[in-house]
Amino acid sequence: LEGCSCVYSDDYNGTKALTNVLLRKKKKIAYIGVTDKDKAAGLSRKKGYISALNENNVKYDDRYIVQCEFSLEAGYEACKELFSRNIDIEGIVCATDNIAAGAVKYIKQSGRKIPDDVMIAGIGDNIIGTVMEPNLTSLHFYYKSSGIEAARLLMNMITGREEGCREIKMGYSVIEREST
């Protein structure tokens, strides 16, 4: 919000970097994301995906994008919808690890192999990605560091050491695992 200090994740560049990991290996990469109304993360992640396609000379195609809620069940249904479109999908970037877990469930139930038939990646690097088989490639945001920075910023504002508003964009890491 304009006029307010904030600490936030670099959703756009992080998702672009994650999509590039898949695009280095295959070109028909789909995206399962949350609604564009979620401007804080959802829209930025979708734009990062599209930017990676453009930079890799891969034509953008609406048929490769499905929007859903943040849940595992929604990820399953969104993945099912993608494959029902009769398009060739070699990989999927999911807006969250929970969505990716649902997509993995559908991919396995459909008889496809990960990553041989379909690569998959999520965002959030939460515990679910490290216990699934295969382990999920994911975008890691530094949530603990974000909390520390937000607390430091707030304390500086309360004590008068910080005036005006300040924005702190946090970094990210792509954690490549067996799913890609």
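Preceding block: the structure.
Just so you know, these numbers come straight off a predicted model, no measurement behind them. (Residues numbered from 1 in each chain as written. Predicted model: local features only at pLDDT ≥ 70, side-chain atom pairs only at ≥ 80, totals over all residues. Heavy atoms only, no water.)

Student: Can you break down the side chain of Ser51 residue by residue, with the values?
Tutor: You can see Ser51 is positioned in helix H2 (residues 42-55). Here Ser51 is in contact with Tyr12 and Lys16, once residues within four sequence places are set aside. (Helix = DSSP H or I, 4+ residues; strand = E, 2+ residues; numbered from the N terminus. Contact = heavy atoms within 4.5 Å.)

Student: Any chance you could break down H2 for me, citing the residues and the numbers?
Tutor: Working note: α-helix, 3.6 residues per turn, so residues spaced by three or four point in the same direction. Along its 14 residues, H2 runs 20 Å from first to last C-alpha, staying within 8% of the 20 Å computed at 1.5 Å per residue. By the burial criterion, the buried members of H2 are Gly42, Leu43, Arg45, Lys46, Gly48, Tyr49, Ser51, Ala52 and Leu53. Check the buried side of H2 and you find it contacts helix H1 (11-23), strand S2 (29-33), strand S3 (65-67), strand S5 (119-123) and strand S6 (137-141). Two residues or fewer after H2 comes Asn57, characterised by a positive phi angle close to 55°. (Expected span 1.5 Å × (residues − 1). Buried < 20%, exposed > 50% of the residue type's maximum accessible area, 1.4 Å probe, protein only.)

Student: Outline the packing of H1 against H2, supporting the account with residue identities and numerical values.
Tutor: Two elements in contact, H1 and H2, have axes whose closest approach is 7 Å; the angle formed by their N-to-C orientations is 45°. Classified by the angle their axes make, H1 and H2 are oblique. Crossing angle aside, the handedness with which H1 passes H2 is right-handed. Contacts between H1 and H2 involve Asp11, Tyr12, Thr15, Lys16, Thr19, Asn20 and Leu23 from the first element and Ser44, Arg45, Lys47, Gly48, Tyr49, Ser51, Ala52, Leu53 and Glu55 from the second. Grouping the constituent residues of the contact of H1 with H2 by class yields five nonpolar, six polar and five charged. (Axes fitted to C-alpha atoms, helices over the stretch in contact; angles between N-to-C directions. Parallel < 35°, antiparallel > 145°, perpendicular 65-115°, else oblique. Left-handed = near helix turned anticlockwise from the far one by under 90°. Nonpolar A, V, L, I, M, F, W, Y, C, P; charged D, E, K, R; others polar.)

Student: An account of the pairing of S2 is needed here, citing residue identities and associated values.
Tutor: Counting buried positions along S2 yields five of five residues, so the element is predominantly enclosed. Sheet topology note: the S2/strand S4 (residues 91-94) ladder contains four bridges and is parallel. If you follow Ile32 over to S4, its bridge partner there is Cys94. Here S2 runs beside S3; their pairing, made up of three bridges, is parallel. Residue pairing in the sheet places Tyr31 in a bridge with Ile65 of S3. (Pairing = 2+ DSSP bridges.)

Student: Can you break down the sheet that holds strand S8 (residues 172-175) residue by residue, with the values?
Tutor: On the basis of which strands lie adjacent, the open sheet formed by six strands has the order S3-S2-S4-S5-S6-S8 and mixed pairing. Strand pairing shows two members of the sheet lacking a second neighbour, S3 and S8, which therefore form its edges. Averaged over all pairs of adjacent strands, the angle between strand axes in this sheet comes to 15°, irrespective of strand direction. Packing of helix H3 (residues 72-84) onto the sheet brings it into contact with S2, S3 and S4, and relative to S2 it is tilted by some 145°.

Student: Can you tell me about H3, naming the residues and giving the values?
Tutor: The end-to-end C-alpha separation of H3 is 18 Å, in line with the 18 Å expected for 13 residues at 1.5 Å each. Residues of H3 that are buried make contact with S2, S3, S4 and helix H4 (97-109). Just downstream of H3 lies Asn86, where phi reads positive at about 55°.

Student: Can you lay out the packing of H3 against H4 for me, pointing to particular residues and giving the numbers?
Tutor: Packed helices, taken two at a time, are described by the angle their axes make and the gap between the axes. It is the contact of H3 with H4, at a shortest axis distance of 6 Å, that shows an interaxial angle of 50°. Here H3 is positioned oblique relative to H4, judged by the angle of their axes. For the element pair H3 and H4, the recorded crossing hand is right-handed. Residue-level contacts link Leu72, Gly75, Tyr76, Cys79, Lys80 and Phe83 of H3 to Asn98, Ile99, Ala101, Gly102, Ala103, Lys105, Tyr106, Ile107 and Gln109 of H4. The residue makeup of the contact of H3 with H4, split by class, is nine nonpolar, four polar and two charged.

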